Amino acid sequence: MATAGGGCVADPGSRSLLRLLSFCVLLAGLCEGNSVERKIYIPLNKTAPCVRLLNATHQIGCQSSISGDTGVIHVVEKEEDLQWVLTDGPNPPYVVLLEGTLFTRDVMEKLKGRSGRIAGLAVSLAKPSPASGFSPSVQCPNDGFGVYSNSYGSQFAHCRAFQWNKVGDGLAYEDFSFPIFLLEDENETNVIKQCYRDHNLSPNGSAPAFPLCAMQLFSHMHAVVSTVTCMRRSLIQSSFSISPEIVCDPLSDYNVWSLLKPINTSGTLEPDDRVVVAATRLDSRSFFWNVAPGAESAVASFVTQLAAAEALQKAPDAATLPRNVMFVFFQGETFDYIGSSRMVYDMENGKFPVQLENIDSFVELGQVALRNSLELWMHTDPMSQKNETVLNQVEVLLSTLEQSGAGVPTVVLRRLNQSQPLPPSSLQRFLRARNVSGVVLADHSDSFHNLYYQSIYDTAENINVTYPAGQSPEEDLNFVTDTAKALAGVATVLARALYRLAGGASFNDTIQADPHTVTRLLYGFLVRANNSWFQSILRPDLRSYLGDGPLQHYIAVSSPTNATYVVQYALANLTGKVIDLTREQCQDPSQVPTENKDLYEYTWVQGPLNANETDRLPRCVRSTARLARALSPAFELKQWGSTEYSTWTESRWKDIRARIFLIASKELEFITLIVGFGILVFSLIVTYCINAKADVLFITPREPGSVSY
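Per-chain numbering applies: the sequence of each chain, read as written, is numbered from 1 onward. Local features are withheld for residues below a pLDDT of 70 in this predicted model, meaning they are given only at 70 or higher, and side-chain atom pairs are given and counted only at 80 or more; totals for whole chains, interfaces and linings count all residues. The side-chain numbers reported here are obtained from all heavy atoms of the structure, hydrogens and water having been left aside.

Looking at an unreviewed UniProt entry, one finds the chain named Nicastrin, with Bos indicus as its source organism. UniProt positions are given in the numbering used here, feature names are shortened, and annotations may be inferred rather than shown by experiment. What UniProt records for the chain under Sequence similarities (unreviewed entry) is the sentence "Belongs to the nicastrin family."

What follows is the structure, encoded as structure tokens:
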């Protein structure tokens, strides 16, 4: 019997089916990948890294390798526990979970000296804050960038008189070759400790059995060496590459400023126009990126100044005073006076409406929340007072402050010996350019009272901002704390002094700062930014800037920062005026003949809730609150190695994250690798054989054909 059209021929459709099945298996594996990853790893979502910062001469901070650093977790609760990770432990490298009280320079030096056994560090928050204090800043902040130098006031240069920040250990200005993360969530810290107890803790100091609990930290930094190096590399990339890879960015943001009486900002003041400057700083920092609560080092001061600005604006004759008053909130002062040096530079070069020669006097708020026995100390510069004219002007300034404080029983103003230098302050940058009669008001006569200067513990609790238990967030917002009352007293003294310095006399005793304003500002900046009052003073598109926790005050590189915006709008709402304009007119006041964009800033804000508390009543606020660039002149001049201006930059990075998981022994990992490789080879052989015999294994069914007999 013969067949027509018969024969064992491979079916192309069968091969396509085989490829389709293979693709489906691969796709299923990819779809399950995320699920498998979730089963292996526990991500740590509430962490803050130590990142790399650079200046003209060196780099500081931390980083991981490009693929992240992994180590076996070891919990260190007392200093004796370090012995295991430094010498005794059989499974290095280790990631140390360090109790916050042990996060000191001495301990970090020990870990830094054995970096081969240390893969990284996770630091838990100490609760309560360390009683002896903790400041990772240096003892002489901004050394070399103030007014004192070897050629001017050499006896005060480099804090020779005394160290302002006695508890400072300089830890934040060290360079570490391994990643360091802060664990901000106590629940995540407990999860890590439980994993450690379940897998890594062995009796009698013997080696624990595998699998072990490990942590992986990712924080690879792109910039190295110094600002000079990283900016040069970025410039080369920008010049010759279509898609340049920038490796670092200058620290920058905006200063916030306003005037008691509006001026035309398109030009500059006449030389005989006099302006009294009230200044303070906006920023702080800590060892960890964007964790900068800055309660005493920044927030209390600028909150006090905001309250003083509101009180002064309410004076009946504020608009007719002989001299103007400028309120300035400097950004970036922590990093060698970025904000104040930029404003001085702009004033000298005619890029700012107010010039240096317009400044009549200068009053700055330093740290003011931790006063002893109601005392507020008046710091002045002994060098500039060698000029008799300046000496007399400073005497008038101090006398005015004393007279203004006489009617405020909660504040006692004290003078200091004229031979004592200024503390770190923005005033020093102005004195470098011109002899200005100025004073810095502070709660300390010599060294800082703040035991947590520029640290993670400079929080609301540090300045005694606490609330009764059981209150709602809205009740906390409006609860007037003792700290708010005390700062309102300081704000009253400041407002009355500014009124007198501006030439006022008639209404001095009626000027009073509002404690409710102070308490709402403290609550918003230090406890909960997402509150009803902050929501009412912001633009609708900025609502997302308010989180359920406190605002942070690190200058960063993306600007304006959340805190800068909030300060600007708080200043606008406290000193400005609600005017009857539509949203379109408010956003473009040139449509209204009676309004002038050169004199005022116009802001459409969300406004308060209506009577039913269902909808907001938006409104237009007209004020003189504006922003001015706070970028060091060194970057505008491309003098990246400058010793005159700040040169701080922040490295860029691709990925920052942390996670924990279980790891097997090296032996098991090697066996797994060999077995996996064997399976791979076997599968390749099987696949080759199947492909070679496809014409036998996959045949088409025989089609009916003609049959012959």
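## Section: the overall build of the chain
For the purposes of this entry, the term helix denotes a DSSP run of H or I that reaches at least four residues, the term strand denotes a run of E that reaches at least two, and both are numbered from the N terminus. Along its length, the chain carries 18 helices and 23 strands. Contacts are assigned to residue pairs with any non-hydrogen atoms lying within 4.5 Å of each other. Put simply, of all contacts in the chain between residues at least 6 apart along the chain, 79% involve residues at least 24 apart. Accessibility throughout is a Shrake-Rupley quantity obtained with a 1.4 Å probe, and a residue counts as covered only by protein chains that appear here. Here the chain has roughly 31,700 Å² of accessible surface; of this, 53% comes from carbon and sulfur atoms. Working convention for charge: Lys and Arg count positive, Asp and Glu count negative, and His plus the chain ends are omitted. Charged side chains are reduced to one point each, which is NZ for Lys, CZ for Arg, CG for Asp and CD for Glu. The positive charge centre, built from 57 side chains, and the negative charge centre, built from 71, are 4 Å apart in the chain.

## Considering the state of the cysteines
Any cysteine sulfur atom paired with another within 2.5 Å is treated as part of a disulfide. Enumeration over the complete set of coordinates arrives at 5 disulfides. Note on cysteine connectivity: C50 is disulfide-linked to C62, with sulfurs 2.0 Å apart. Here the disulfide of C50 and C62 is right-handed, its torsion about the S-S bond being about 85°. With C50 in the loop between β2 (47-49) and β3 (53-54) and C62 in the loop between β4 (59-60) and β5 (69-76), this residue pair connects regions lying 12 residues apart in the sequence. When its relative accessible area of 0% is taken as the criterion, C62 is described as buried. Bridging C140 to C159, the disulfide has an S-S length of 2.0 Å. Looking along the S-S bond of the C140-C159 disulfide, the torsion reads about 85°, which is the right-handed sense. Remark: C159 occurs in the loop between β7 (118-124) and β8 (180-183) and C140 occurs in the loop between β7 and β8; sequence separation between them is 19 residues. For every residue, the accessible area obtained with a 1.4 Å probe (protein chains only) is divided by the maximum for its type, and the residue is called buried under 20%, exposed over 50%, and partly exposed between those limits.

## Quick word on the environment of K112
With respect to the helices, strands and loops of the structure, K112 is situated in helix α3 (residues 105-113). The spatial distance from the C-alpha of K112 to the C-alpha of F176 is 6.9 Å, given a sequence separation of 64 residues. Polar contacts involving the side chain of K112 include one to the main-chain carbonyl oxygen of D175, which spans 3.0 Å. Distance and chemistry together define a polar contact, namely a pair of N or O atoms within 3.5 Å, with one atom able to donate a hydrogen and the other to accept it when in protein, and with adjacent residues in sequence counting only for side-chain atoms on both sides.

## Observations regarding the sheet that holds strand β20 (residues 619-623)
In this description, strands pair whenever DSSP reports at least two bridges between them. An order of β18-β20-β19 is seen for the 3 strands of this open sheet, with the pairing classed as antiparallel. Where the open sheet ends on each side, the last strands, each with one partner, are β18 (577-579) and β19 (601-605). Within the sheet, the average angular offset between the axes of one strand and its neighbour, ignoring direction, is 35°. Fitted lines through C-alpha atoms give the axes, limited to the stretch in contact for helices. The angle between two N-to-C directions lies from 0 to 180 degrees. Against the sheet, helix α14 (residues 562-575) touches β18, β19 and β20, its axis set at about 90° to β20.

## Side note on a nonpolar patch on the surface
A residue counts toward a patch only above 30% relative accessible area and without a salt bridge, and it is joined to like-charged neighbours within 9 Å or, for Val, Leu, Ile, Met, Phe, Trp and Tyr, to nonpolar neighbours within 5 Å. Each salt bridge in this description consists of a side-chain nitrogen of Lys or Arg and a carboxyl oxygen of Asp or Glu lying within 4 Å of one another. Together, L668, F670, I671, L673, I674, V675 and I679 give the surface a local cluster of nonpolar side chains, amounting to about 690 Å² of exposed area. Mapped onto the secondary structure, I671 falls in helix α17 (residues 666-692).

## What about the UniProt feature "transmembrane region" (unreviewed entry) in the chain?
On the UniProt side, "transmembrane region" (unreviewed entry) is annotated at positions that read residues 670-690 here. For the annotated span residues 670-690, helix accounts for 100% and strand for 0% of the residues, and the straight-line distance between the end C-alpha atoms is 30 Å.

## Some points on the side chain of T517
Residue position: T517 is located in helix α12 (residues 515-526). Among the residues examined, T517 registers a relative accessible area of 0% and is labelled buried. Leave out the neighbours within four places in its chain, and T517 touches E310 and L574.

## A short note on the packing of helix α6 (residues 295-313) against α14
Think of two packed helices as two axes; the pair is described by the angle between the axes and how far apart they sit. For the pair α6 and α14, interaxial distance at closest approach is 8 Å and the crossing angle is 25°. The orientation of α6 relative to α14 falls into the category roughly parallel. Handedness of the α6/α14 crossing: right-handed. Contacts between α6 and α14 involve F302, L306, A309, E310 and Q313 on the former and, on the latter, V567, A570, L571, L574 and T575. Note on residue classes: Ala, Val, Leu, Ile, Met, Phe, Trp, Tyr, Cys and Pro are nonpolar, Asp, Glu, Lys and Arg are charged, and everything else, Gly too, is polar. Across the contact of α6 with α14, the residue classes break down as 7 nonpolar, 2 polar and 1 charged. An angle below 35 degrees is treated as roughly parallel, one above 145 as roughly antiparallel, one from 65 to 115 as roughly perpendicular, and anything else as oblique. Each crossing is labelled by how the near helix is turned from the far one, with a counterclockwise turn of less than a right angle marking it left-handed and a clockwise turn marking it right-handed.

## Notes on the packing of aromatic side chains
Pairing of aromatic rings covers Phe, Tyr and Trp, the last counted by its six-membered ring, and requires centre-to-centre distances within 6.5 Å; plane angles under 30 degrees mean stacked, over 60 mean edge-to-face, and any other angle means tilted. In total, this model carries 29 aromatic pairs according to the counting rule given. Each ring, one from F176 and one from F287, has its centre 6.1 Å from the other, and the planes form 65°; the classification is edge-to-face. Separated by 111 residues along the polypeptide, F176 in the loop between β7 and β8 and F287 in the loop between β12 (275-281) and α6 bring together distant segments of the chain. The pair formed by F176 and F287 is uniform in burial state, with each residue classed as buried.

## Focus: the pairing of β7
Counting buried residues along β7, 7 of its 7 residues qualify, which places the element largely inside the surrounding structure. Bridge analysis of strand β6 (residues 94-98) against β7 gives 5 bridges, and the strand direction is parallel. What sits directly across from L97, in β7, is A122. For the handedness criterion, the strands are oriented away from the viewer, and a crossover whose path from the first strand over the helix to the second runs clockwise is classed as right-handed. This β-α-β element, β6 to α3 to β7, shows right-handed connectivity. Here β7 pairs with β8 via 4 bridges, running parallel. Directly across from A122, in β8, lies its bridge partner F181.

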